[in-house]
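Secondary and tertiary structure notes
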Amino acid sequence: MTSPAPAANSDRSSFSLAEWGAIGAILLVWGINNAAAKVATDTLPPLLVGGLRFGVALIVLAPFLKPPFPPWKQILPIILLVGPLHFGLIYWGFSLIENLSPMVVALQLWIPMTAFFAWRMLGERMAPAALAGMVVAFVGVAWMSLDPHGAADLPGIALGLVASGLWALGTVLVRRMPGVPPLKMQALTSLVAAPVLLAASFAFEGDVVGKAMAASWVVWTTIVWAGLASTVGAT
């Protein structure tokens, strides 16, 4: 996932071909990134994976850390929601599951959750069709989780659902702020998320250095991919 962005201009009723291509590319990046996350967390501790991902992103995004900055009392809660809390839970969830599909579907519930939070917190109109779609989405995830394979992954799926809720809440909160350029927002998020997740990893996950040194080039490639293609590129 990328940083929350303000809603698109409602005056535009359609996307250009280039915009549809960009949307398709982002969806492809996110899809590959889910598989990459599973590969990485099968070998490395989940909080370490998250910390390294944001460390890679921070190296690239450092030039965007220039004033002026939004008020920290206003932006820090959002960064914590969409950075270390969201991704810490997501990578923890990936480390617990065996089957990827139910988890990936559960993570998409951030979309109806965002609509719900916008309705309750911003007073946006919730059409009956949108409400019905939200119910169908939640029922669909519950149905997949009742599958014998999905049921075994319920702890990981539950973490994914909480992470989706945090992301949705952060998405709505950021709309209350003055506009922050996306790459600057990602740079600020990486600045906070990298040290927080790495510190948590060294504090709570065992043999972090040994596991990192033993990881294959494939695992390290998935981390670099997540940092560059997803955190930076898909922004």
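Just above, that's the structure.
Predicted model only: the values in this text are computed from it and were never measured.

Quick notes on the rules
Residues numbered from 1 in each chain as written. Predicted model: local features only at pLDDT ≥ 70, side-chain atom pairs only at ≥ 80, totals over all residues. Heavy atoms only, no water. Helix = DSSP H or I, 4+ residues; strand = E, 2+ residues; numbered from the N terminus. Rg over C-alpha atoms; globule rule 2.2 N^0.38 Å. Buried < 20%, exposed > 50% of the residue type's maximum accessible area, 1.4 Å probe, protein only. Contact = heavy atoms within 4.5 Å. Areas by Shrake-Rupley, 256 points an atom, 1.4 Å probe, with all protein chains shown as cover. Lys, Arg positive; Asp, Glu negative; His and termini not counted. Charge placed at Lys NZ, Arg CZ, Asp CG, Glu CD. Phe/Tyr/Trp six-rings, centres within 6.5 Å; stacked < 30°, edge-to-face > 60°. Lys NZ or Arg CZ within 6 Å of the ring centre and 35° of its normal. Axes fitted to C-alpha atoms, helices over the stretch in contact; angles between N-to-C directions. Parallel < 35°, antiparallel > 145°, perpendicular 65-115°, else oblique. Left-handed = near helix turned anticlockwise from the far one by under 90°. Nonpolar A, V, L, I, M, F, W, Y, C, P; charged D, E, K, R; others polar. Bend = angle between axes of the 7 residues up to and from the residue. Salt bridge = Lys/Arg side-chain N within 4 Å of Asp/Glu carboxyl O. Core = buried A, V, L, I, M, F, W, Y, C linked by side-chain atoms within 4.5 Å. Polar contact = N/O pair within 3.5 Å; in protein donor to acceptor, adjacent residues only side chain to side chain.

Of regular secondary structure, the protein possesses 11 helices and 0 strands. In the protein, the succession of α and β elements from N to C terminus is α-α-α-α-α-α-α-α-α-α-α. Here the protein has a C-alpha radius of gyration of 18 Å; the compact-globule value for 235 residues is 18 Å, and the two agree. Within the protein, buried positions represent 44% of all 235 residues. The contacts of the protein with a sequence gap of at least 6 include a subset with a gap of at least 24, amounting to 88%. Carbon and sulfur atoms provide 73% of the accessible area of the protein, an area that totals close to 11900 Å². Taken as two groups, the 11 positive and 9 negative side-chain charges of the protein have centres that lie 15 Å from each other.

Glancing now at helix H5 (residues 110-122). Within the span of H5, buried status applies to Trp110, Pro112, Met113, Thr114 and Ala118. Count one or two residues on from H5 and you reach glycine 123, which has phi positive near 75°.

Okay, the packing of aromatic side chains next. For the structure shown, the criterion picks out 5 aromatic pairs. The ring of phenylalanine 54 is capped by arginine 53, whose NZ or CZ atom sits 5.8 Å from the centre of that ring. The side chain of arginine 120 reaches across the aromatic face of tryptophan 119, ending 5.3 Å from its centre.

Angle between the axes and distance between the axes: these two values describe a pair of packed helices. At a closest axis distance of 8 Å, the pairing of helix H2 (residues 46-61) and helix H3 (residues 72-96) adopts a crossing angle of 130°. Comparing the axis directions of H2 and H3 gives the class oblique. As for the relative orientation of H2 and H3, their crossing is right-handed in sense. For the pair formed by H2 and H3, the contact residues are Pro46, Leu47, Val49, Gly50, Arg53 and Phe54 on the first element and Phe87, Gly88, Tyr91, Trp92 and Ser95 on the second. Its residues placed into classes, the contact of H2 with H3 shows 7 nonpolar, 3 polar and 1 charged.

The next point concerns helix H11 (residues 217-233). Along its length, H11 reaches its greatest deviation from straightness, about 30°, at tryptophan 225. Looking at the buried side of H11, the elements it contacts are helix H1 (17-41), H2, H3 and helix H9 (182-204).

This part takes up the pattern of salt bridges. If the charged atoms of two oppositely charged side chains come close together, the side chains can form a pair. On inspection of all chains with the given rule, the structure shows 1 salt bridge. Here aspartate 42 makes a salt bridge to lysine 38, at a shortest N to O gap of 2.9 Å. The class of aspartate 42 is exposed, set by a relative accessible area of 52%. Relative accessible area serves as the criterion here: at 12%, lysine 38 is assigned to the buried category.

With that settled, the discussion passes to unusual backbone geometry. Residue proline 67 is joined to proline 68 through a cis peptide bond whose omega torsion reads 5°. Mapping proline 68 onto the fold places it in the loop between H2 and H3. One non-glycine residue, aspartate 207, lies in positive phi territory at about 50°.

Along the chain, the position of alanine 193 falls in helix H9. Alanine 193 sits in the buried class, given a relative accessible area of 0%. Residues alanine 193 and glycine 156 lie 37 residues apart in sequence; the distance between their C-alpha atoms is 21 Å. When near neighbours in sequence (up to four residues on either side) are disregarded, alanine 193 contacts Phe54, Gly83 and Pro84.

Counting residues in hydrophobic clusters, the biggest one holds 32 residues, and the most contacted among them are Leu44, Val49, Phe54, Tyr91 and Phe94. Those elements giving two or more residues to this core turn out to be H1, H2, H3, helix H4 (100-107), helix H8 (154-174), H9, helix H10 (208-214) and H11. A total of 7 residues in this core trace back to one element, the largest contributor, which is H3. Setting aside residues no more than four positions away along its own chain, phenylalanine 94 makes contact with Asn34, Ala37, Lys38, Thr41, Leu100, Met103 and Leu107. Within the second largest apolar cluster, 9 residues are counted, among which are Met177, Val180, Met185 and Val192.

Turning our eyes to something else, we now look at the side chain of threonine 189. Structurally, threonine 189 is set in helix H9. Within the structure, the side chain of threonine 189 is placed 2.8 Å from the backbone oxygen of methionine 185, a separation counted as a polar contact. Ignoring sequence-local partners within four residues, the contact set of threonine 189 consists of Phe54, Ile79, Val82 and Gly83.

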